Amino acid sequence: MKRSADRLSRLLLMVCVLASPALFAQALDTQIRELFPKATRIEPKQDNPPVHSVYQLDELLGYAFESTDYSNLQGFSGKPIRLLIGMDTEGVLAGVTVLEHHEPVFLHGLGEQSLFDFVEQYRKTSIGKPIVVGGQSAAGASDSVTRIDGVSKATVSVVILNETVLLSALGVARKLLEGFASGPLATAKTDLYEPLDWSQLLESGYLQHWTISRDEVEQALGPLDRYLEIKAGNDAPFSDLYFAYLNAPSIGRNLLGEAGFAKLNEELKPNEQAVLVLSSGMYLHVPDDFVPATAPSRLVLMQNDHAIELHDMNFNNGAVMEMLDIPLDGFEANVFRIKAHNAFNPAEPAGLRLNVNLRRNPLVESNTHFMRHFQLDRDLFDIEKAQIAAEPTPIWLRMWQERWWQTSLLGLSLLVLTCVFIWQHRVSRHSRGFHLFRAGFLLFTLAFVGLYAQGQLSVVNIFTMFLALGKDFDIRVFLMDPVIFVLWSFTFVSLFIWGRGVFCGWLCPFGALQEMFGWVAKRLRIRQWKVSDRLHLRLQWLKYLILIGLVPVAFYSLTLAERLAEVEPFKTSITLFFVRSWPFVLYAVILLGLGLFVHKFYCRYVCPLGAGLAMLGRFHLFSWLKRIDACGQPCQYCKNHCEIGAIKRDGGIDYDECIQCLECIVILNNDDQCVATISARKKAEKAGRHPGSELIATDAMEPTPASSADLVEGTGIHVQ
């Protein structure tokens with residue numbers, strides 16, 4: 001019921017998005033209220049940083065923000081996971097809501113509820129400590145990190161989601177929350193003080209004086225007489241401003257006096273800074289209706305092209321003027337706070353920007369701005385060298401580090417397999433040993449590569465790769481899963497050396513499972529269904545037709561292609577180990593059941609991945625499966641023993657269908673199995689010769705012409 005309700009709510013949200021932006025905003029507000037149940041007011045998204053401020057009456061509860069504004073990490077699907085994240089003013093997550101995702105393992109495998117259960121763990125979790133997926137149990141976890149449970153079979157997706165949450169939340173916290181911002185790189189020297197009067201402060205540049213004339217404004221906006229705020233005949237300057245940085249004692253103490261400077265420092269929080277601004281003229285730095293303790297809309301501090309918001313410290317104008325103890329008639333004065341998260345560096349060049357907004361009438365407004373650059377004396381400050389922040393370890397590299405032993409073991413197994421293929425004739429001379437090795441390797445492929453390391457390749461991987469090559473290719477997407485990456489790399493290279501068979505016959509977990517069902521069939525003496533050569537050739541085309549049908553769908557919609565790719569039973573049997581809804585399980589069981597009667601039925605006739613690999617494998621460089629003159633002329637022993645049906649009647653190998661099980665090489669290189677070798681030995685015995693202790697058939701061997709009866713005499717083999 002809950003899952004149906006979640007799906008219905010998401011469908012309604014999508015309808016809202018399509019209907020209108022206003023409805024979408026309303027739907028987003030609803031989801032924000034779910035994260036902040038006490039919210040009475042949600043502010044529209046601000047620009048820097050892009051967040052929604054959430055209030056209960058006038059109390060700030062926290063912030064809500066979308067992950068795509070802070071992180072462009074691509075999920076395992078190649079598209080970002082879009083999240084709505086809520087965080088309170090202490091850096092504690094109010095919750096995480098999944099707005100949009102394209103992760104196949106949740107959409108078409110485990111189900112989305114497992115994803116929703118995963119993100120629920122973020123509720124009431126502080127970002128003050130690193131949040132790590134998996135690892136030690138909570139009881140043994142270190143106090144230095146917060147650990148949350150992962151999702152089995154979806155390791156890559158949840159690690160990417162966790163990284164997205166942290167990048168987004170920390171990005172907001174460093175801009176808006178006091179405890180997450182580093183202190184300024186320059187701090188005022190508290191023991192440096194020199195008594196200076198008003199004129200000396202101006203002369204030294206400690207106090208800045210900036211006058212904006214009427215002519216300057218008219219050049220930008222036209223005659224001022226037409227604006228409502230400007231009275232005709234006013235000869236005062238447009239704006240006359242004084243401003244000063246107050247944290248340095250030689251400035252703040254001289255301007256505010258001992259008591260005023262002490263009061264300022266009591267009000268400022270650690271790493272906060274303050275500036276004084278006074279103005280007179282036609283256009284003051286704050287409007288008449290300015291609300292104390294808020295940020296002025298007309299005034300912005302700029303540094304490195306970054307706007308630094310000023311916040312009024314709520315010292316009333318009279319108190320400020322009294323602290324100054326200087327007769328400045330007609331001036332408006334404010335002390336503004338620079339919060340620590342802005343990381344303002346007073347020793348570096350900066351600028352004060354005055355935003356000018358004038359109304360011609362209630363409907364028309366003209367805008368411009370003016371900038372005054374300034375540089376304070378660096379001798380006023382203790383300057384720290386900027387610490388170069390260590391680049392965070394890329395998530396793909398962390399995945400390789402965490403799965404190093406799995407990748408290493410897989411790499412070692414691939415090296416062993418490569419050696420077997422290079423020295424296949426030498427290895428295949430030991431028939432029993434080779435069969436034991438192959439059985440063990442297939443068990444390793446199923447248990448470790450498939451069920452444990454989740455290394456089952458899919459035709460969807462081919463679609464994803466080709467789509468990525470066409471647009472916004474990013475190798476990091478494919479590096480996210482080291483096991484899949486290593487397998488694909490090895491498979492791709494081996495296609496052009498030996499063909500498709502190395503993967504299909506040795507490295508495909510579902511293929512290994514099918515072969516084991518074949519072992520069961522032999523043990524139970526289940527009668528095999530004989531597929532005629534003619535029907536076999538026709539059925540082979542089925543997998544190519546399935547592949548051809550999937551390709552255009554993938555270019556139209558990868559999501560739809562992923563659904564249609566359920567023709568592969570890999571996800572049901574290997575990824576989810578049959579823990580899935582019954583239609584998928586029934587389909588996989590039927591395919592495996594058919595394998596009891598027709599050896600590797602799915603691989604031979606249905607598998608679109610095998611078809612795709614076969615098409616690429618046509619360009620293989622070597623045909624390493626040795627043949628001799630007697631093969632197919634007239635000997636059919638290997639053909640009759642090839643359970644996959646890849647040996648033609650003339651003895652040739654159909655490499656598009658061959659799974660490189662090497663059984664024909666074992667027969668060829670064992671003198672008690674190869675008919676040609678047996679025949680040659682019998683002829684030698686009849687002629688009174690003593691054959692060598694070991695006679696191995698090779699390409700150079702040219703057997704003496706003999707009848708079919710001679711070839712099979714005493715072997716019990718029927719030659720077709």
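Scroll up to find the structure this text is about.
Residues numbered from 1 in each chain as written. Predicted model: local features only at pLDDT ≥ 70, side-chain atom pairs only at ≥ 80, totals over all residues. Heavy atoms only, no water.

## Quick word on a nonpolar patch on the surface
Now for step 1: Taken together, the side chains of W404, W405, L409, L412, L415, V416 and Y452 make up a nonpolar region of the molecular surface, amounting to roughly 710 Å² of accessible area.
Now for step 2: Looking at the nonpolar patch, the element that brings in the most residues is helix α11 (residues 404–422), giving six residues.
Now for step 3: With respect to the secondary-structure elements, L412 resides in helix α11. (Patch = residues over 30% accessible without salt bridge, like charges linked within 9 Å, V, L, I, M, F, W, Y side chains within 5 Å. Areas by Shrake-Rupley, 256 points an atom, 1.4 Å probe, with all protein chains shown as cover. Salt bridge = Lys/Arg side-chain N within 4 Å of Asp/Glu carboxyl O. Helix = DSSP H or I, 4+ residues; strand = E, 2+ residues; numbered from the N terminus.)

## A closer look at empty space enclosed by the protein
Now for step 1: Per the counting criterion, the structure on display carries four cavities of 30 Å³ or more.
Now for step 2: Counted as a void, the largest cavity has a volume near 130 Å³.
Now for step 3: Taken together, 19 residues line the largest cavity, and the ones lying closest to its centre are R627, C631, C635, Y637 and C638.
Now for step 4: When contributions to the lining of the largest cavity are tallied by element, the ones reaching two or more residues are α25 (637–641), α26 (663–668) and α27 (675–686).
Now for step 5: With three residues, the top contributor of residues to the lining of the largest cavity is α25.
Now for step 6: The residue makeup of the lining of the largest cavity, split by class, is twelve nonpolar, three polar and four charged.
Now for step 7: Surrounding the second largest cavity, Y206, Q208, F243, A244, Y245, V275, V277, L301, F344, L352, F374 and L376 form its lining.
Now for step 8: Contributing elements (two or more residues each) for the lining of the second largest cavity: β10 (239–245) and β11 (273–280).
Now for step 9: At three residues, the largest contribution of residues to the lining of the second largest cavity is made by β10.
Now for step 10: Its residues assigned to classes, the lining of the second largest cavity comprises eleven nonpolar, one polar and no charged. (1 Å grid on protein atoms, 1.4 Å probe; cavity = no way out; pocket = protein on both sides within 12 Å on 5 of 7 lines; lining within 4 Å. Points joined across faces, edges and corners; volume = space filled by probe spheres on them. Nonpolar A, V, L, I, M, F, W, Y, C, P; charged D, E, K, R; others polar.)

## Considering the packing of helix α19 (residues 533–556) against helix α24 (residues 608–617)
Now for step 1: For the pair α19 and α24, the least separation of the axes is 8 Å and the interaxial angle reads 90°. With respect to α24, the element α19 is oriented roughly perpendicular. Facing K543, Y544, I546, L547 and L550 of α19, the residues of α24 in contact are P608, A611, G612, A614 and M615.
Now for step 2: Of the residues assigned to the contact of α19 with α24, the class counts are eight nonpolar, one polar and one charged. (Axes fitted to C-alpha atoms, helices over the stretch in contact; angles between N-to-C directions. Parallel < 35°, antiparallel > 145°, perpendicular 65-115°, else oblique. Contact = heavy atoms within 4.5 Å.)

## Details of unusual backbone geometry
Now for step 1: You will see that Q454, though not glycine, has its phi angle at about 55°, which is positive.
Now for step 2: Tracing the backbone through its elements, the reader meets Q454 in the loop between α13 (431–452) and α14 (459–470).
Now for step 3: Overall, the relative accessible area of 18% leaves Q454 in the buried class. (Buried < 20%, exposed > 50% of the residue type's maximum accessible area, 1.4 Å probe, protein only.)

## Looking at helix α4 (residues 112–120)
The α-helix winds at 3.6 residues per turn, so residues separated by three or four positions along the chain end up facing the same way.
Now for step 1: By the criterion of burial, α4 is predominantly enclosed, with seven of the nine residues buried.
Now for step 2: Those residues of α4 that sit buried are E112, Q113, S114, L115, F116, F118 and V119.

## Considerations on the pattern of salt bridges
Now for step 1: Taken as a whole, this structure holds 21 salt bridges when the rule is applied.
Now for step 2: Across the pair R403 and D481 runs a salt bridge, and its minimum N-O distance is 3.1 Å. Remark: D481 occurs in the loop between α15 (475–479) and α16 (482–495) and R403 occurs in the loop between α10 (395–402) and α11; sequence separation between them is 78 residues. In terms of burial, R403 and D481 fall into one category: buried.
Now for step 3: Notably, a salt bridge pairs K571 with E566, separated by 3.8 Å at the nearest N-O pair. The pair K571 / E566 is uniform in exposure class, with both members buried.
Now for step 4: Residues participating in the shared-partner salt-bridge network are K45, E66, D69, R82 and E100.

## Topic: the environment of D58
Now for step 1: Along the polypeptide, D58 turns up in the loop between β2 (52–56) and β3 (59–66).
Now for step 2: Sequence-wise, D58 and R41 are 17 residues apart; in three dimensions their C-alpha atoms are separated by 8.6 Å.

## Brief notes about the nonpolar core
Now for step 1: Judged by nonpolar contacts, the single largest core of 77 residues is most densely connected at L507 and L609.
Now for step 2: Of all the elements, α16 adds the most residues to this core, at seven residues.
Now for step 3: Sequence-distant contacts of L507, defined by excluding residues within four places in its chain, comprise L414, L417, F441, T445, V449, L487, F490 and V502.
Now for step 4: Ranked by size, the runner-up nonpolar core spans 59 residues in total, among them L241, F243, Y283 and A347. (Core = buried A, V, L, I, M, F, W, Y, C linked by side-chain atoms within 4.5 Å.)

## So, the sheet that holds strand β13 (residues 306–308)
Now for step 1: The antiparallel open sheet is built from four strands, whose spatial order is β13-β12-β16-β17. The open sheet has two edge strands with one neighbour each: β13 and β17 (364–374). Averaged over all pairs of adjacent strands, the angle between strand axes in this sheet comes to 35°, irrespective of strand direction.
Now for step 2: Taken together, the three bridges between strand β12 (residues 299–303) and β13 define a ladder with antiparallel strand orientation. Bridge assignment links M302 to a residue of β13, and that residue is A307.
Now for step 3: Across the face of the sheet, helix α7 (residues 214–221) comes into contact with β16 (350–361) and β17 while running at roughly 130° to β17. (Pairing = 2+ DSSP bridges.)

## Details of the sheet that holds β2
Now for step 1: The strand order across the open sheet formed by five strands is β1-β2-β3-β4-β5, and the pairing between neighbours is antiparallel. Pairing within the sheet leaves two strands with one partner each, and these edge strands are β1 (41–42) and β5 (93–100).
Now for step 2: Relative to strand β4 (residues 82–88), β3 runs antiparallel, the two sharing five bridges. Looking at β4, one finds that F65 is bridged to I85.

## Concerning α7
Now for step 1: Within α7, the full set of buried residues consists of R214, V217 and L221. Down the axis of α7, the buried set is contained in an arc of 70°. They therefore lie on one face. In α7, the exposed positions angled more than 90 degrees off the buried face are occupied by D215 and Q219.
Now for step 2: Where the residues of α7 are buried, they touch β9 (207–212), β16 and β17.
Now for step 3: In the segment just after α7, G222 is the residue with positive phi, at about 90°. (Arc of directions from axis to C-beta.)

## With respect to the packing of aromatic side chains
Now for step 1: What the rule picks out here adds up to 27 aromatic pairs.
Now for step 2: Measuring from centroid to centroid gives 5.3 Å for F243 and F374, while their planes differ by 65°, and the two rings are edge-to-face. Of this pair, F243 sits in strand β10 while F374 sits in strand β17, placing them 131 residues apart in sequence.
Now for step 3: Accessibility expressed as a relative area gives 12% for F374, which makes it buried.
Now for step 4: Three or more aromatic residues link up through ring pairs in this structure, and these residues are W405, F421, F434, F437, F441, F444, F448, Y452, W498 and W506.
Now for step 5: Of note, R253 hangs over the ring of Y193, and the distance from its end group to the ring centre comes to 3.6 Å. (Phe/Tyr/Trp six-rings, centres within 6.5 Å; stacked < 30°, edge-to-face > 60°. Lys NZ or Arg CZ within 6 Å of the ring centre and 35° of its normal.)

Interpretation note: all reported values are geometric properties and have no functional meaning in isolation.
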